[in-house]
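Structural description and commentary
Listed below are the residues making up each chain.
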Amino acid sequence: MTRIISLLLVALIALSACATPSSNPPTLAADGLPAPKVYKIRNADKVQFRMLDSINSLRSAASAPPVALNAKLTAAAATHSLDMSKQNRPWHFGSDGSSPIDRVQRAGYTGTMLGEAISETYETELETLSAWMQEPGTREVLLDPTAVNMGFSWHQEKNGKIWWTLLLGS
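Residues numbered from 1 in each chain as written. Predicted model: local features only at pLDDT ≥ 70, side-chain atom pairs only at ≥ 80, totals over all residues. Heavy atoms only, no water.

**Points about the overall build of the chain**
Summing up its helical and strand segments, the chain has six helices and four strands in all. The order of α-helices and β-strands along the chain, N terminus first, is α-α-β-α-α-β-α-α-β-β. Across the 170 residues that make up the chain, the buried fraction comes to 39%. Sequence separation of at least 24 residues holds for 67% of the intrachain contacts in the chain that already meet a minimum separation of 6. As presented, the chain carries roughly 10,300 Å² of accessible surface, and 59% of it is formed by carbon and sulfur atoms. (Helix = DSSP H or I, 4+ residues; strand = E, 2+ residues; numbered from the N terminus. Buried < 20%, exposed > 50% of the residue type's maximum accessible area, 1.4 Å probe, protein only. Contact = heavy atoms within 4.5 Å. Areas by Shrake-Rupley, 256 points an atom, 1.4 Å probe, with all protein chains shown as cover.)

**Brief notes about the packing of helix α2 (residues 44-61) against helix α5 (residues 125-134)**
Contact geometry for α2 and α5: axes closest at 10 Å, N-to-C directions at 30°. For the element pair α2 and α5, the recorded crossing hand is right-handed. Each of Val47, Arg50, Met51, Ser54, Ile55 and Leu58 in α2 lies in contact with α5, whose residues at this interface are Glu125, Leu126, Leu129, Trp132 and Met133. Within the contact of α2 with α5, the residues separate by chemical class into eight nonpolar, one polar and two charged. (Axes fitted to C-alpha atoms, helices over the stretch in contact; angles between N-to-C directions. Left-handed = near helix turned anticlockwise from the far one by under 90°. Nonpolar A, V, L, I, M, F, W, Y, C, P; charged D, E, K, R; others polar.)

**What about the sheet that holds strand β4 (residues 162-169)?**
Read from one edge to the other, the open sheet built from four strands follows the order β1-β3-β4-β2, with strand pairing classed as mixed. In this open sheet, the two edge strands, each paired with only one partner strand, are β1 (68-69) and β2 (113-121). Across eight bridges, β2 lies against β4 in antiparallel orientation. Note on β4: the bridge partner recorded for isoleucine 118 is threonine 165. Contacting β1, β3 (149-156) and β4, α2 crosses the sheet at an angle of about 135° to β3. (Pairing = 2+ DSSP bridges.)

**Focus: the packing of aromatic side chains**
To describe a pair of aromatic rings, you give the distance between the ring centres and the angle between the ring planes. Per the stated rule, a full pass over the model turns up four aromatic pairs. Centre to centre, the rings of phenylalanine 152 and tryptophan 154 are 6.0 Å apart; their planes meet at 45°, and the pair counts as tilted. This pair shows no difference in class: phenylalanine 152 is buried, exactly as tryptophan 154 is. Judged by centre distance (5.6 Å) and plane angle (10°), the rings of phenylalanine 152 and tryptophan 164 are stacked. Here the residue phenylalanine 152 occupies a position in strand β3, and tryptophan 164 occupies one in strand β4, the gap between them amounting to twelve residues. In this pair, the class of phenylalanine 152 matches that of tryptophan 164, namely buried. (Phe/Tyr/Trp six-rings, centres within 6.5 Å; stacked < 30°, edge-to-face > 60°.)

**Examining the nonpolar core**
Judged by nonpolar contacts, the single largest core of 21 residues is most densely connected at Trp132, Met150, Phe152 and Leu166. Those elements that provide at least two residues to this core are α2, α5, α6 (136-142), β3 and β4. Listed in part, the seven residues of the second largest apolar core include Leu73, Ala76, Val104 and Met113. (Core = buried A, V, L, I, M, F, W, Y, C linked by side-chain atoms within 4.5 Å.)

**Overview of the pattern of salt bridges**
Overall, the coordinates contain four salt bridges when judged by the stated rule. For the salt bridge of arginine 50 with glutamate 125, the shortest nitrogen-to-oxygen distance reads 2.6 Å. Of this pair, arginine 50 sits in helix α2 while glutamate 125 sits in helix α5, and the two are 75 residues apart along the sequence. A relative accessible area of 29% places arginine 50 in the partly exposed class. Its relative accessible area of 2% is what places glutamate 125 among the buried residues. A salt bridge links arginine 103 to glutamate 116; its shortest N-O distance comes to 2.8 Å. (Salt bridge = Lys/Arg side-chain N within 4 Å of Asp/Glu carboxyl O.)

**Some words on unusual backbone geometry**
One non-glycine residue, serine 63, lies in positive phi territory at about 60°. Relative to the helices and strands, serine 63 is located in the loop between α2 and β1. For asparagine 88, which is not glycine, the phi dihedral falls at a positive 55°. Its location among the elements puts asparagine 88 in the loop between α3 (71-87) and α4 (100-106).

Here it is in structure tokens:
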């Protein structure tokens, strides 16, 4: 009897290890790939500091000095993130034809605007930073040794899409 119970127990354990097809297959996007998972920004007060710390770590590794958050650059970044959402396209010009330099000046930043990084995504800020670092032009902006100030903001739509804007200035 013990032998039968032992065999049944072993068979039960073996069967429990078998994978069964999911009753909820992944949702596919129009391109046939799995649809992105929606990243909902929580602890919004910490997102800027995670980005700042990450940027400064990358800058340190590249022997560039750290940057500090700047309220005026952040205001310009927030305005542009919302504007890109309204235009439904990621690009460096505002709906009124303004350039990044125009927006930074309007926000009252008196330094020199060195560059802008933008993104339209469903990804986290750190995944977005990783994508920016893979692009030579954006990487050059992020690691510019003359940068001392950073502005960073985003706008998240109800559907989860996030419009990211990062500005660097000296």
